[in-house]
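What follows is each chain in one-letter form.
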Amino acid sequence: MTRVAYQGEHASNSATAAQNLFPGCTELPCTSFEQALDAVTLGAADVAVIPVDNSAAGRVADVHHLLPESGLFVIAEYFLAIHFDLVGVPGASLDQVEYVRSHVHALGQCRKVLRTGGWRTLVTDDTAGAAREVAELGDVRHAALAPPAAARHYGLEVLQAGVEDDPDNTTRFVILSRDAVFAPVTGEPTMTSLFFAVRNIPSALYKALGGFASNAVNLTKIESYQMGAGLNPSCFYVEVEGHPDDPGVALALHELRFFSSEVRVLGVYPAHPHRLRERTA
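Per chain, residue numbering runs from 1 following the sequence as it is written. Residue-level local features of this predicted model are given only where pLDDT is at least 70; pairs of side-chain atoms are given and counted only at 80 or more, and the full residue set underlies all totals for whole chains, interfaces and linings. Hydrogens and water molecules were not included; the side-chain quantities draw on all heavy atoms of the structure.

Enquirer: Please explain the overall build of the chain as it appears in this structure.
Expert: Of the regular secondary structure elements, the chain holds 10 helices and 15 strands. In terms of overall dimensions, the chain is globule-like: its C-alpha atoms have a radius of gyration of 21 Å, near the 19 Å expected for 281 residues. With the C-alpha coordinates of the chain rotated into their principal frame, the extents come out at 65 × 40 × 40 Å. Think of it in three bands: residues with accessible area under 20% of the maximum for their type are buried, residues over 50% are exposed, and the middle band is partly exposed, with areas taken using a 1.4 Å probe on protein chains only. For the chain, buried positions account for 47% of its 281 residues. Per the convention used, a helix needs a DSSP run of H or I reaching at least four residues, while a strand needs a run of E reaching at least two, with both numbered from the N terminus. Between the two quantities, the radius of gyration covers C-alpha atoms and the globule rule is 2.2 Å times the number of residues to the power 0.38.

This is how it looks when you write it as structure tokens:
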């Protein structure tokens, strides 16, 4: 049975992603992303399921900084449709609600209903945790924005269903493992995750990325951050379409290495079908 670590509580969106990916898995809820990654590193979990981007709220803070330093490898990606219900204690009604609590990203993804209700918002560490807190309070004045599974899990009532602003709200997760499991070249769409640090020379980033442009390799993500006190060259987390053994990608990586002090391939994995549907649309 696969042991899956994730940040959040039971019935959270991360828990749903974990169960969709690994039905019947043993869940290991963690209080932080770093703790979830450490669980895999230390062998307490086999894999970690970590959100990296949301279509409405953008990137998930800290994750791109943690991934290259974790020593783990990306073995897959997964897109989950995100839905939120406004939930309260049994017997509560909308006109009794005064406070709505949830994770900061969930509050940002449900602005319309919050504005209409005029409620005060309280930030919590997790969406499912917000539902748990409401259940523990037992106060009709308190409600939570939580995934549909959370109401069932904590014995709450749905006061209003499907309150997310965007009906196409989607979160992308990556699955991380201690072992590198690079997808073979099959001709099917593939993604490659990279970490690199540019050399401390003028125009290093421009030249390092030039190979991707000249070889028609599509960069779908680039995140920059500083290591140390800020005097060191910048480091980057990058995702590209293609396999390192594809001729164009291989040439781009050769040029990248020439202008970088360090290049690491963090994962080579099949592109999720959602990505292909988005491109077709």
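The rest of the description comes next.
Enquirer: Explain the nonpolar core to me, please; I cannot follow it from the model alone.
Expert: Generally speaking, a soluble globular protein has its nonpolar side chains buried in company with each other. In terms of nonpolar packing, the biggest core is built from 41 residues, with Val 100, Leu 145 and Leu 156 touching the most fellow members. Every residue pair with non-hydrogen atoms within 4.5 Å of one another is taken to be in contact. When neighbours within four sequence positions are excluded, Leu 145 is seen to be in contact with Phe 84, Asp 85, Leu 86, Val 100, Arg 101, Ser 102, Ala 106, Leu 107, Cys 110, Leu 114, Thr 127 and Val 163. Put simply, buried Ala, Val, Leu, Ile, Met, Phe, Trp, Tyr and Cys residues joined by side-chain atoms within 4.5 Å make one nonpolar core. Ranked by size, the runner-up nonpolar core spans 28 residues in total, among them Ala 39, Val 52, Ala 197 and Tyr 269.

Enquirer: Explain the environment of Gly 24 here, please?
Expert: Inspection of the secondary structure assignment puts Gly 24 in the loop between α1 (13–21) and β2 (26–30). The partly exposed category is assigned to Gly 24, whose relative accessible area is 46%. Considering only alpha carbons, one finds Gly 24 and Leu 66, 42 residues apart in sequence, at a separation of 28 Å. For Gly 24, the residues in contact, after removing those within four places along its chain, are Met 1 and Gln 19.

Enquirer: Could you clarify how one ought to interpret the layout of surface pockets in this entry?
Expert: Gaps left between atoms are located by rolling a probe of water-molecule size over the structure's atoms. The volume enclosed by the largest pocket comes to roughly 420 Å³. Only protein atoms enter the 1 Å grid used here. Points where a 1.4 Å probe fits but cannot escape make up a cavity, open sets with protein on both sides within 12 Å along at least five of seven lines make up a pocket, and a residue lines them when an atom lies within 4 Å of a point. What lines the largest pocket is a set of 22 residues, and nearest its centre among them are Gln 7, Phe 33, Pro 51, His 103 and His 105. Counting residues per element, the lining of the largest pocket draws most heavily on helix α4 (residues 104–109), which supplies four residues. Grid points are joined across faces, edges and corners, and a volume is the space filled by probe spheres set on the points.

Enquirer: Explain the pattern of salt bridges to me, please; I cannot follow it from the model alone.
Expert: For side chains bearing opposite charge, pairing can occur when the charged atoms are close. Throughout this description, the term salt bridge denotes a Lys or Arg side-chain nitrogen within 4 Å of a carboxyl oxygen of Asp or Glu. If you walk through the whole model with that rule in mind, you get 12 salt bridges. Linking Asp 53 and Arg 172 is a salt bridge whose minimum nitrogen-to-oxygen distance equals 3.8 Å. Of this pair, Asp 53 sits in strand β3 (residues 47–54) while Arg 172 sits in strand β11 (residues 170–177), and the two are 119 residues apart along the sequence. As far as the burial class goes, Asp 53 and Arg 172 line up, both buried. Residue Arg 132 pairs with Glu 136 through a salt bridge whose shortest N-O separation is 3.2 Å.

Enquirer: How do you make sense of the side chain of Asn 54 when you look at a structure like this?
Expert: Summarising the element assignment, Asn 54 is placed in strand β3. A residue is classified by how much of its surface remains accessible, and Asn 54, at 7% relative accessible area, is buried. Those residues in contact with Asn 54, other than ones at most four positions away along the chain, are Ile 82, Gln 109, Asn 169, Thr 170 and Thr 171.

Enquirer: Is there a simple way to think about the environment of Ala 143 in this case?
Expert: Along the chain, the position of Ala 143 falls in strand β9 (residues 142–146). Judged by relative accessible area, Ala 143 falls into the buried class, the value being 0%. C-alpha separation for the pair Ala 143 and Gln 96, spaced 47 residues apart in sequence, amounts to 9.5 Å. Among all residues touching Ala 143, those that are not within four sequence positions of it are Leu 86, Val 87, Val 97, Tyr 99, Val 100, Arg 101, Val 134 and Leu 159.

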